[in-house]
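Examination of the molecular architecture
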Amino acid sequence: MADQSPADQTPPSSDTQSLSVSSQPPSSSSSAPQMCLEERFKIIRSVGEECIQEDELLNLLTHKPEPICYDGFEPSGRMHIAQGVVKAINVYKLTSAGCRVKIWIADWFAQLNNKMGGDLKKIKVVGQYLIEIWKAVGMDLNGKVEFLWSSDEINSRASEYWPLVMDIARRNKLPRIMRCCQIMGRSEQDELSAAQILYPCMQCADIFFLKADICQLGMDQRKVNVLAREYCDDIKRKNKPIILSHHMLPGLQQGQEKMSKSDPSSSIFMEDEEAEVNVKIKKAYCPPKTVEGNPCLEYIKYIIFPWFNEFKVERNADNGGDKTYKNFEELVSDYESGQLHPGDLKPALSKALNKILQPVRDHFNNDAKAKDLLKRVKSYRVTK
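All of these numbers come straight from a predicted model, not from anything done at the bench. (Residues numbered from 1 in each chain as written. Predicted model: local features only at pLDDT ≥ 70, side-chain atom pairs only at ≥ 80, totals over all residues. Heavy atoms only, no water.)

Digging into the overall build of the chain
Put simply, the test is: Strands here mean DSSP runs of E at least two residues long; helices mean DSSP runs of H or I at least four residues long; both are numbered from the N terminus. Working definition: with a 1.4 Å probe on protein chains only, accessible area under 20% of the residue-type maximum means buried, over 50% means exposed, and in between means partly exposed. Should any heavy atoms of two residues lie within 4.5 Å, those residues are counted as being in contact. Using a 1.4 Å probe, accessible areas were evaluated by the Shrake-Rupley method; residue-level cover was limited to the displayed protein chains.
When helices and strands are tallied, the chain shows 15 helices and 8 strands. Expressed as a percentage of its 384 residues, the buried residues of the chain come to 55%. Taking contacts inside the chain between residues at least 6 apart in sequence as the whole, the part at least 24 apart equals 74%. Roughly 17100 Å² of accessible area belongs to the chain as shown, and the carbon and sulfur atoms make up 49% of that amount.

Let's talk about helix α14 (residues 342–366)
Our working rule: Expected span of a helix: the number of residues minus one, times 1.5 Å. The bend at a residue is defined as the angle formed between two axes, one fitted to the seven residues ending at that residue and one fitted to the seven starting there.
Compared with an ideal rise of 1.5 Å per residue, which puts 25 residues at 36 Å, α14 spans 35 Å between its outermost C-alpha atoms and is within 8% of the ideal. A bend of about 40° at L357 is the largest found in α14, and the proline P359 appears one to four places after it.

Remarks on the sheet that holds strand β6 (residues 242–245)
Basically, it comes down to this: Pairing between strands is defined by DSSP: at least two bridges between them are needed. For helices, the axis comes from a line fit to the C-alpha atoms of the stretch in contact; other axes are also lines fit to C-alpha atoms, and the angle between any two N-to-C directions lies between 0 and 180 degrees.
The strand order across the open sheet built from 6 strands is β1-β6-β5-β2-β3-β4, with neighbouring strands paired in mixed fashion. Two strands lie at the open edges of the sheet, namely β1 (50–52) and β4 (145–149), each paired on one side alone. Where helix α10 (residues 222–234) meets the sheet, its contacts fall on β1, β5 (214–215) and β6, and the angle it forms with β6 comes to roughly 170°.

Focus: the packing of helix α12 (residues 295–308) against helix α13 (residues 328–337)
The cut-off we apply is this: Oblique is the label for every angle not falling under 35 degrees (roughly parallel), over 145 degrees (roughly antiparallel), or within 65 to 115 degrees (roughly perpendicular). Less than a right angle of anticlockwise turn of the near helix away from the far helix marks a crossing as left-handed, whereas a clockwise turn marks it as right-handed.
In the contact formed by α12 and α13, the axes pass within 11 Å of each other and the chain directions differ by 160°. With respect to α13, the element α12 is oriented roughly antiparallel. The hand of the α12/α13 crossing is right-handed. Side by side, α12 and α13 meet where L297, I300, K301 and F305 of the first sit next to F328, L331 and Y335 of the second.

Brief notes about unusual backbone geometry
With the exception of glycine, most residues fall at negative phi, and the peptide bonds are largely trans. Cis rather than trans, the peptide bond between I52 and Q53 has omega equal to 0°. We note that K236 has phi near 60°; this positive angle belongs to a residue other than glycine. Within the element layout of this structure, K236 appears in the loop between α10 and β6. Phi angles above zero are rare outside glycine, and N309 is one such case at about 65°. Take N309: it is sitting in the loop between α12 and β7 (311–313). In this structure N309 comes out as buried when scored by relative accessible area, which is 18%.

Examining the state of the cysteines
Stated formally: Criterion for a disulfide: a pair of cysteine sulfur atoms at a distance within 2.5 Å.
Tallied over the full model, the rule gives 0 disulfides. Left unpaired, C296 is separated from the closest cysteine sulfur, that of C286, by 4.1 Å.

Focus: the side chain of S350
Checked against the element boundaries, S350 lands in helix α14. Judged by relative accessible area, S350 falls into the buried class, the value being 5%. The residues contacting S350, other than those within four sequence positions of it, are V277, N278 and I281.

Considerations on the environment of I52
Mapped onto the fold, I52 is located in strand β1. On the basis of relative accessibility, which here comes to 12%, the residue I52 falls in the buried class. Through-space distance from the C-alpha of I52 to that of L244 is 6.6 Å; in sequence the pair is 192 residues apart. In this view, I52 contacts R222, V226, R229, P241, I242 and I243; residues no more than four positions away in its chain are not counted.

Topic: the packing of aromatic side chains
The cut-off we apply is this: Each aromatic pair joins two rings of Phe, Tyr and Trp (for Trp, the six-membered one) with centres within 6.5 Å, and gets the label stacked for planes under 30 degrees apart, edge-to-face for over 60, and tilted for any other angle.
All told, the structure shown has 9 aromatic pairs when counted by the stated rule. Ring centres 5.1 Å apart and planes at 85° place the aromatic pair F109 and Y199 in the edge-to-face group. Highlighted residues: F109 in helix α4 (residues 107–112) and Y199 in helix α9 (residues 194–209), separated in sequence by 90 residues. Of the residues examined, F109 reaches a relative accessible area of 2% and is grouped as buried. Judged by its relative accessible area of 4%, Y199 is buried. Relative to F209, the ring of Y161 has its centre 4.9 Å away and its plane inclined at 80°; by these criteria the two rings are edge-to-face. A residue pair is termed long-range when its members are at least 10 positions apart, and Y161 in helix α7 (residues 158–170) and F209 in helix α9 qualify at 48 residues. Taken individually, Y161 and F209 each receive the classification buried, so the pair is uniform in this respect.

Let's talk about helix α1 (residues 37–46)
Among the residues making up α1, those that are buried are R40, F41, I43, I44, R45 and S46. Its buried side turned inward, α1 meets β1, α2 (54–63), α3 (81–96), β5 and β6.

Digging into the pattern of salt bridges
Short version of the rule: Salt bridges are identified by distance alone: a Lys or Arg side-chain nitrogen within 4 Å of an Asp or Glu carboxyl oxygen.
Under the criterion given, the structure shown has 26 salt bridges. Note that E160 and R157 form a salt bridge whose closest N and O atoms lie 2.9 Å from each other. Judged by its relative accessible area of 36%, E160 is partly exposed. Residue R157 is classed as partly exposed on the basis of its relative accessible area of 25%. Between K211 and E160 there is a salt bridge, with the nearest N and O atoms lying 3.7 Å from each other. In this pair, K211 is assigned in the loop between α9 and β5 and E160 in helix α7, connecting sequence segments 51 residues apart. Shared partners join several salt bridges into a network, and the residues in it are R78, E271, D272 and K280.

Okay, structure coming up:
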């Protein structure tokens, strides 16, 4: 992996859930040895909306100085900010607390799920594009992060992988496997191919194949991670993988529980131009005085505050003048009372997002390889 360019970096604040950065996450290579057990636990736990189980996580950190965290992505199209920015934030937190992170570029899984029409060559191009995005946004690649291609790793250790998949499949009834179909963006009511029934058994096997101590994926992947813990019960394995499921950012329009690559209006992509970001945020659902189900506030909570440790609003004196919020609770209080209006919040959100995304735009405009990858990815038809 290529070295990252130096960034204007600021040390993290005493609030271990925040990054305090100007444009990129700070390096964390020397952070973990200075932290006590409680600090490490707090940082790692902050990554997850849910943790199964907290006592096991604490025990793991007590006995293993460098736990292995696993996350994976299907290369299935352009990357939105939930994958790009939130993942960079979470990786920073994990590595700063002493973890190693294995990012599984799940090319074979995308083929099984019929992404890019099942064309593995296109899927691999998308996978290369994903890595370029993470490098450009400033993911903390300090030797503690590995990008692993599923096809290469499985082929190189096939005698280890396939017996594990077969054992998981043999020990589970078909209805139990079908309940995991959510991990592919499918439902039990969908007409599934045999490949898509094999998929959950393989993803469950990945956890053990990669020797993961922590499964650090989204809430939508929870069911297959629970399947892995159930498999441990079945084979009488004491040390179960800990599930650390992060929050899923909603789409920008009303009622969209999750961003969708196939609906460009629902999400901001990592290489969107500044004007595109401004238009999408301007059109986003953001009712006055309403916090529940408000995607703009979710972006601020899960992206802006962790990245900058503050949220700056610029407005004229008649509307209260400029204000810098130091925590999300203060912002919510002003928004619910009407002191902060969507007309002022939205431009401030756009400005903050554009500041985060500008290094990515620069990379894809100035680097010939990255520019070619983006052109090819944009030409591919995104399938569900």
